[in-house]
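# Understanding the architecture of this molecule
Take a look at the letters that make up each chain.
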Amino acid sequence: MKKHQSVKESIRSIAIVGSGLSGLSAGIFLQQAGKAVTLFEKSRGPGGRLAAKRTGDGAVDIGAQYFTVRNPVFRQFLDDFAGPDSYAEWRGRLRHQDDQGQWANFHATERYVGVPRMTAISRRLSQHLDVRAETRVAGLTRDAGQWLLEDTAGGRHGPFDAVLVTAPPAQTRTLLSDSGLDLDGAPGLFDDHPLAACWAVAACFADNPCTDADGLGVRHPVLDWAANNSSKPGRAGDDVWWVLHARSDWSERHQDADPQWVTERLLAAFAEVAGVATAPVQTLTHRWLYARTVAGSRPPGYVWDDAQRLGLCGDWLQGGRVEGAFESAEALVRAMR
């Protein structure tokens, strides 16, 4: 892969807040350009939208369910830095409902998943970088042309020549506000391109409760998506895990609902839509506060303030897709000239 050689020579060290795909991609590009890069991640490990929860004999994808590869540069990046064995095509039988509730097949295209779980990609990418896990950045301070970072435990990090923030818009807005920072156009950016919540439930069945399809795009007041996680390549175990994603508007209204109540509502919707007659033997529930881009949003792709040497990137700035996270990071690094 062609190295990004155009980043300013005066920018030698960069801090990246967040280690989802956009943060990891930007970090690798900048490191390839000879820069010293440090990533700060509030969770125990990298991943962001590429998320999975451990089960007894494997894991189940609770975030992004698959991704497409339309950009050949993205494929080359994955092959070079995650490895071609870290992902595979998911040839699932995917169906969706139209406005009248009639079923049709998804349009034909190649859809990919991490192997043996979505996080396999981010774990591989993170091995190339210095990732400080369980470090939540709470403040950014600019002093004498350089940046200092403070975490919630009182630790201080830096100095750095530049900072890139790859967190979701609400968290990015809070970080900038708490740090007393202004970005040109940022207030409108956050207001115009929010992310909506999504409740996710993973349900384990002794036998496959729905054999007609591996993924369902649903027209239902509660349920938006259901997928047979066990149909994806490289998944182990005899049990069958289905992942259910609630509608964004329903999730927004019920952000603070009891997880057990949410689980019951989503399972009831799944039974109604797919004719499921059996109860799961185990469930896992997760609330995504910042999950989906709002329809009709036209974000700018990235933000780079050259005077402050402060940038923003992430899938929310590039249409919400997994590949969009990569493209946002690539565009931001190109802008750092």
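Above this text you will find the structure in question.
Residues numbered from 1 in each chain as written. Predicted model: local features only at pLDDT ≥ 70, side-chain atom pairs only at ≥ 80, totals over all residues. Heavy atoms only, no water.

## Let's talk about the nonpolar core
Of all hydrophobic cores here, the largest spans 45 residues; its most connected members are Leu30, Phe67, Leu125, Leu164 and Met336. With residues near it in sequence (within four places) discarded, Leu164 still touches Ile14, Ala15, Ile16, Val17, Ala26, Leu30, Trp304, Gly311, Leu332 and Met336. (Core = buried A, V, L, I, M, F, W, Y, C linked by side-chain atoms within 4.5 Å. Buried < 20%, exposed > 50% of the residue type's maximum accessible area, 1.4 Å probe, protein only. Contact = heavy atoms within 4.5 Å.)

## Observations regarding helix α7 (residues 259–274)
With 16 residues, α7 ought to run about 22 Å at 1.5 Å a step, and its terminal C-alpha atoms sit 22 Å apart, in line with that. With a side-chain oxygen lying 3.1 Å from the backbone nitrogen of Gln260, the N-terminal cap of α7 falls on Asp258. Positive backbone phi, approximately 70°, marks Gly275, located one or two places after α7. (Helix = DSSP H or I, 4+ residues; strand = E, 2+ residues; numbered from the N terminus. Expected span 1.5 Å × (residues − 1). Polar contact = N/O pair within 3.5 Å; in protein donor to acceptor, adjacent residues only side chain to side chain.)

## Quick word on unusual backbone geometry
With omega at 5°, the peptide bond leading from Val115 into Pro116 counts as cis. Tracing the chain through its elements places Pro116 in the loop between β8 (112–114) and α3 (119–126). Cis geometry is found at the peptide bond from Gly158 to Pro159, where omega equals 5°. You can see Pro159 is positioned in strand β12 (residues 156–160).

## Focus: the sheet that holds strand β2 (residues 36–40)
Strand order in the open sheet made by the six strands is β9-β2-β1-β13-β20-β19, with mixed pairing throughout. Strands with a single pairing partner mark the edges of an open sheet, and in this sheet they are β9 (130–132) and β19 (303–305). The average undirected angle you get between the axes of adjacent strands in this sheet is 20°. Looking at chain direction, β19 and strand β20 (residues 310–312) are connected through three bridges and run antiparallel. Counterpart to Trp304 in the pairing with β20 is Gly311. Helix α8 (residues 322–335) rests against β13 (162–165), β19 and β20 of the sheet, and its axis sits at about 20° to β19. (Pairing = 2+ DSSP bridges. Axes fitted to C-alpha atoms, helices over the stretch in contact; angles between N-to-C directions.)

## Describing the packing of aromatic side chains
All chains considered together, the criterion is met by 17 aromatic pairs. Ring plane angle 70° and centroid distance 5.7 Å describe the contact between Tyr87 and Tyr112, whose orientation is recorded as edge-to-face. Here Tyr87 is found in strand β5 (residues 87–89), whereas its partner Tyr112 is found in strand β8, with 25 residues between them in sequence. Taking the relative accessible area as the measure of exposure, Tyr112 reaches 7% and is therefore buried. Of the aromatic side chains, those joined through ring pairs into one cluster are Phe29, Phe67, Phe74, Phe77, Phe81, Tyr87, Tyr112 and Phe326. Residue placement shows Lys232 over the ring face of Trp90; its charged tip is 5.2 Å from the ring centre. (Phe/Tyr/Trp six-rings, centres within 6.5 Å; stacked < 30°, edge-to-face > 60°. Lys NZ or Arg CZ within 6 Å of the ring centre and 35° of its normal.)

## Some words on the packing of helix α1 (residues 21–32) against helix α2 (residues 72–81)
In contact at an axis separation of 12 Å, α1 and α2 are set at 75° when each is read in the N-to-C sense. What the angle tells us is that α1 and α2 run roughly perpendicular. Residues Leu21, Ser25, Ile28, Phe29 and Gln32 of α1 pack against Phe74, Phe77 and Phe81 of α2. Tallied by class, the residues present in the contact of α1 with α2 amount to six nonpolar, two polar and no charged. (Parallel < 35°, antiparallel > 145°, perpendicular 65-115°, else oblique. Nonpolar A, V, L, I, M, F, W, Y, C, P; charged D, E, K, R; others polar.)

## Some details on the packing of α2 against α8
At their nearest, the axes of α2 and α8 sit 10 Å apart, and the two run at 90° to each other. Considering their axes alone, α2 and α8 lie roughly perpendicular with respect to each other. Every residue of α8 that contacts α2 at Val73, Phe74 and Phe77 is listed here: Val322, Glu323, Phe326 and Glu330.

## As for the side chain of Thr166
Counting through the fold element by element, Thr166 comes out in the loop between β13 and α4 (169–178). Judged by its relative accessible area of 11%, Thr166 falls in the buried class. Looking at Thr166, its side chain comes within polar contact range of the main-chain oxygen of Gly18, at 3.4 Å. Those residues in contact with Thr166 that lie beyond four places of it in its chain are Ile16, Val17, Gly18, Ser19, Ser22, Gly23 and Cys313.

## Section: the sheet that holds strand β10 (residues 137–143)
Two pairing modes exist for strands in a sheet, parallel and antiparallel, and in both the strands are linked by backbone hydrogen bonds. What the three strands build is an open sheet, ordered β10-β11-β12; its pairing is antiparallel. Across the chains shown, the open sheet's two edge strands, defined by having one partner strand only, are β10 and β12. Along the sheet, successive strands turn relative to each other by an average axial angle of 20°, direction set aside. Both strand β11 (residues 146–151) and β12 contribute to a ladder of three bridges, which runs antiparallel. Counted as the bridge partner of Trp147 is Phe160 from β12.

## Some thoughts on the pairing of strand β1 (residues 13–17)
With five of five residues buried, β1 lies mostly within the body of the structure. Neither face of β1 is open: one carries Ser13, Ala15 and Val17, the other Ile14 and Ile16, and all of them are buried. The pairing of β1 with β2 spans five bridges and is parallel. Bridge pairing links Ser13 to Ala36 in β2. Two elements, β1 and β13, share four bridges in a ladder whose sense is parallel. Note on β13: the bridge partner recorded for Ile14 is Ala162.

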